[in-house]
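# Coordinate inspection notes
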Amino acid sequence: PMTLSRRLLLGTGAFLPFLRHPARAATTPGKLVFGLSAYPPSFSPWTNSGTAAATVRLAIHRGLLGYAPDGTIRGELAEKWEHADDGAWVFHLRDATFHNGAKVTAADVAWCIEQIAAEKSTAYYRAQMQAIEKVEVPDAKTIRITTKQPNAIFPLQVASFYLPIIAKDSLKEGPSGIGAGPFKLTGEERGVGLDLVAFDKYYRPGLPKVKSLRMTVYADENLRVAALQAGDVDLIEYVPWQAMPSIEKDDRLALQTTDGPFMYLTFNVRAKPFDDPRIRQAVAHAIKREDIVKAAFFGRGAPIEGLPIPQGTPFYDPALSKALAYDPAKAKALLDAAGQGGGFACKLLATAQYGMHKDTAAVVQQHLAAVGIQAELVLPDWSTRVTLGNRGQYEIAVMGSAADSNDPDGLAPFLDGSLTPSYNRSYGFDDKKIDELLAAGRAEFDPAKRREIYTELQKRCLEQVPMVGLCFRSQGYGMTKAVTGFTNMPGALTFYSGTTFETTSTG
């Protein structure tokens with residue numbers, strides 16, 4: 001039997017002719033077929049288990065606020081909101097209905113906040129919700145939330161896809177609870193796919209545009225693209241970078257890309273020698289980021305040599321952005337100063353499920369070896385990689401993600417050790433100065449003072465190295481030209497693009 005190696009496919013820059021079939025004669029009217037990159041490890045509405053899980057969540061759930069396709073914040077279950085004179089954030093609910101037919105009320109919102117903030121909660125935003133002083137319900141359509149400290153970015157937190165509102169006590173009905181989003185989950189085949197249907201009482205008249213949504217899992221990135229080229233799916237996420245040129249050149253297909261997600265390294269700072277900031281600095285200086293951009297992303301990206309703060313924002317500092325640049329001599333000097341001049345061996349966790357993770361890890365491994373750090377690759381599937389990261393069962397790890405928002409506070413989940421532990425953040429890392437600076441930036445409403453705070457934050461992070469930025473990457477969705485109404489949302493919000501399933505049509 002004939003087999004195709006991944007390297008052969010990568011080397012051609014396109015797929016072999018016999019993998020390219022004519023597109024379907026016509027898309028199925030009223031049905032959208034989406035190529036999902038992984039089967040969600042969890043359907044819990046409030047945990048962090050990866051982008052694929054978040055995409056499913058955006059189809060079936062909505063929060064108080066969310067993001068419009070252009071990246072601006074907008075009302076969802078709350079039609080308007082304001083910051084009251086007494087410091088409370090007040091949300092006024094629209095007339096919305098849960099999938100079980102019950103009306104969305106302020107009591108549901110209060111219950112969700114209570115569950116997320118609970119002592120034994122595993123919610124990703126548990127710490128943020130524990131910063132709430134009190135929740136008041138003046139009436140069924142109004143909820144007042146008072147935070148313990150002033151919080152200028154509270155609307156951004158509420159807009160997160162980690163804070164959907166579900167019907168009170170509905171976790172008894174299933175792991176995802178009962179949402180109020182544009183689609184209802186009607187069937188699932190573990191590891192294979194999910195079936196959803198349009199919710200006929202969705203609060204935006206005329207939406208969603210399609211009657212059903214099928215999410216089919218293509219864990220292999222090359223098969224995911226082949227399915228798009230063959231017309232088996234209408235839309236796919238995580239277009240592999242080597243396939244982007246072939247999609248751009250195909251007159252039946254379209255590619256939407258945006259820069260915002262990034263690759264980086266995390267550490268288990270409870271494991272020696274990575275408990276020493278000098279070792280983490282040495283790792284940062286050992287890696288030539290341009291090689292990762294070329295090898296893993298085919299030139300579609302940009303190196304990160306400081307914190308992942310994009311150019312063009314008020315918080316970007318050119319000098320600080322180069323502070324951890326490639327310098328193998330400096331890396332060796334730091335290793336020597338930390339008592340590891342002879343080098344050492346360790347294990348480098350990534351995943352084989354996403355080529356970008358595996359290829360990034362291979363480049364990192366090569367550069368670490370050049371300064372005396374012998375890193376053995378550990379490449380499980382994505383679900384296992386998430387579990388190992390959450391448990392701290394690694395020494396150093398490759399990670400890819402995006403900030404929670406385009407505000408600098410969106411980096412808090414990667415830096416703030418007081419937050420709920422997550423595979424996104426270095427295991428065991430907690431620097432009180434960093435936590436304090438993040439809290440100060442969150443509490444400050446004056447833009448100029450916020451810039452000063454985040455400059456200090458960058459300087460502290462360059463000393464302590466809670467993460468090693470590697471590169472921004474171009475994130476792509478591929479689709480047939482029959483697809484309309486879908487938007488790859490800007491910057492860090494690209495992972496919120498599933499929001500626009502509600503306006504997506506297949507022509």
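Keep in mind the model is a prediction, meaning the values are calculated, not measured.

### Side note on the pattern of salt bridges
- Summed over all chains, the structure comprises 23 salt bridges.
- Between Glu248 and Arg300 there is a salt bridge, with the nearest N and O atoms lying 3.0 Å from each other. Placement of Glu248 in helix α7 (residues 244-249) and of Arg300 in the loop between α9 (289-297) and β13 (301-303) is noted, with a sequence separation of 52 residues between them.
- With relative accessibility at 23%, the residue Arg300 sits in the partly exposed group.
- In this structure, Arg460 engages Glu463 in a salt bridge whose closest nitrogen and oxygen atoms are separated by 3.3 Å. Of this pair, Arg460 and Glu463 both sit in helix α15 (residues 447-464), three residues apart, which is roughly one turn of the helix.
- Taking the relative accessible area as the measure of exposure, Arg460 reaches 23% and is therefore partly exposed.
- Look at Glu463 and you get partly exposed, because its relative accessible area is 42%.

### Side note on unusual backbone geometry
- Cis geometry is adopted by the peptide bond preceding Pro208, which originates at Leu207 and carries an omega value of 0°.
- Examined against the element boundaries, Pro208 turns out to sit in the loop between β9 (193-198) and β10 (212-217).
- With an omega dihedral of 5°, the bond running from Lys272 to Pro273 counts as a cis peptide bond.
- Inspection of the secondary structure assignment puts Pro273 in the loop between β12 (253-267) and α8 (277-286).
- The phi dihedral of Asp169 is positive, around 65°, even though this residue is not glycine.
- Along the chain, Asp169 falls in the loop between α5 (154-158) and β8 (183-189).
- Within the chain, Phe298 stands out as a residue other than glycine whose phi angle is a positive 50°.
- Relative to the helices and strands, Phe298 is located in the loop between α9 and β13.

### Some details on the packing of α9 against helix α11 (residues 355-370)
- At a minimum axis distance of 9 Å, the contact between α9 and α11 shows a crossing angle of 145°. In this structure, α9 meets α11 at a crossing whose hand is right-handed. Only Met356, Asp359, Thr360, Val363, Val364 and His367 of α11 make contact with α9, whose side of the interface consists of Asp291, Ile292, Ala295, Ala296 and Phe297.
- When its residues are assigned to classes, the contact of α9 with α11 shows seven nonpolar, two polar and two charged.

### Re the sheet that holds strand β4 (residues 78-83)
- As summarised here, the arrangement of the four strands in space is β4-β5-β7-β6, forming an open sheet in which the pairing is antiparallel. Each end of this open sheet is capped by a strand with a single partner; those strands are β4 and β6 (132-139). Neighbour to neighbour, the strand axes of the sheet diverge by 20° on average, direction disregarded.
- Note that strand β5 (residues 89-93) and strand β7 (residues 142-147) share four bridges and pair antiparallel. Among the inter-strand pairings, Phe91 is bridged to a residue of β7, identified as Ile143.
- Strand contacts of helix α3 (residues 106-117): β5, β6 and β7, with the helix running at about 165° to β6, the strand carrying the most contacts.

### Let's talk about helix α6 (residues 221-230)
- Burial analysis of α6 places nine of its 10 residues in the buried class, which makes it a mostly covered element.
- Sitting at the head of α6, Asp220 places a side-chain oxygen 2.9 Å from the backbone nitrogen of Asn222.
- Immediately beyond the C-terminal end of α6, within one or two residues, lies Gly231, with a positive phi of roughly 85°.

### Examining the confidence of the model for the chain
- Per-residue confidence for the chain averages 92 on the pLDDT scale, and 95% of its residues sit at or above 70.
- Long-range and interchain partners of residues 1-26, a stretch whose pLDDT sits below 50, account for 42 contacts in this model, where long-range means more than four residues apart.

### Thoughts on the pairing of β5
- The buried count for β5 comes to five of five residues, which makes it a mostly enclosed element.
- Covered by surrounding structure in β5 are Trp89, Phe91 and Leu93 together with Val90 and His92, the residues of both alternating faces.
- In terms of strand pairing, β4 meets β5 through five bridges, oriented antiparallel. Paired with Lys80 across the two strands is His92, which belongs to β5.
- Turn length for the β4-β5 hairpin, with the two strands adjacent in sequence and antiparallel, is five residues, and the turn residue Gly87 shows positive phi of about 95°.

### Re the nonpolar core
- Core analysis: the largest hydrophobic core is formed by 156 residues, its most contacted members being Phe91, Met215, Leu415 and Phe501.
- Broken down by element, the residue count for this core peaks at eight residues, all from α3.
- Not counting chain neighbours up to four residues away, the residues in contact with Phe501 comprise Leu32, Phe34, Thr55, Ala59, Phe183, Leu213, Met215, Leu235 and Phe486.

Conventions we followed
Residues numbered from 1 in each chain as written. Predicted model: local features only at pLDDT ≥ 70, side-chain atom pairs only at ≥ 80, totals over all residues. Heavy atoms only, no water. Salt bridge = Lys/Arg side-chain N within 4 Å of Asp/Glu carboxyl O. Helix = DSSP H or I, 4+ residues; strand = E, 2+ residues; numbered from the N terminus. Buried < 20%, exposed > 50% of the residue type's maximum accessible area, 1.4 Å probe, protein only. Axes fitted to C-alpha atoms, helices over the stretch in contact; angles between N-to-C directions. Left-handed = near helix turned anticlockwise from the far one by under 90°. Contact = heavy atoms within 4.5 Å. Nonpolar A, V, L, I, M, F, W, Y, C, P; charged D, E, K, R; others polar. Pairing = 2+ DSSP bridges. Polar contact = N/O pair within 3.5 Å; in protein donor to acceptor, adjacent residues only side chain to side chain. pLDDT = per-residue confidence, 0-100. Core = buried A, V, L, I, M, F, W, Y, C linked by side-chain atoms within 4.5 Å.

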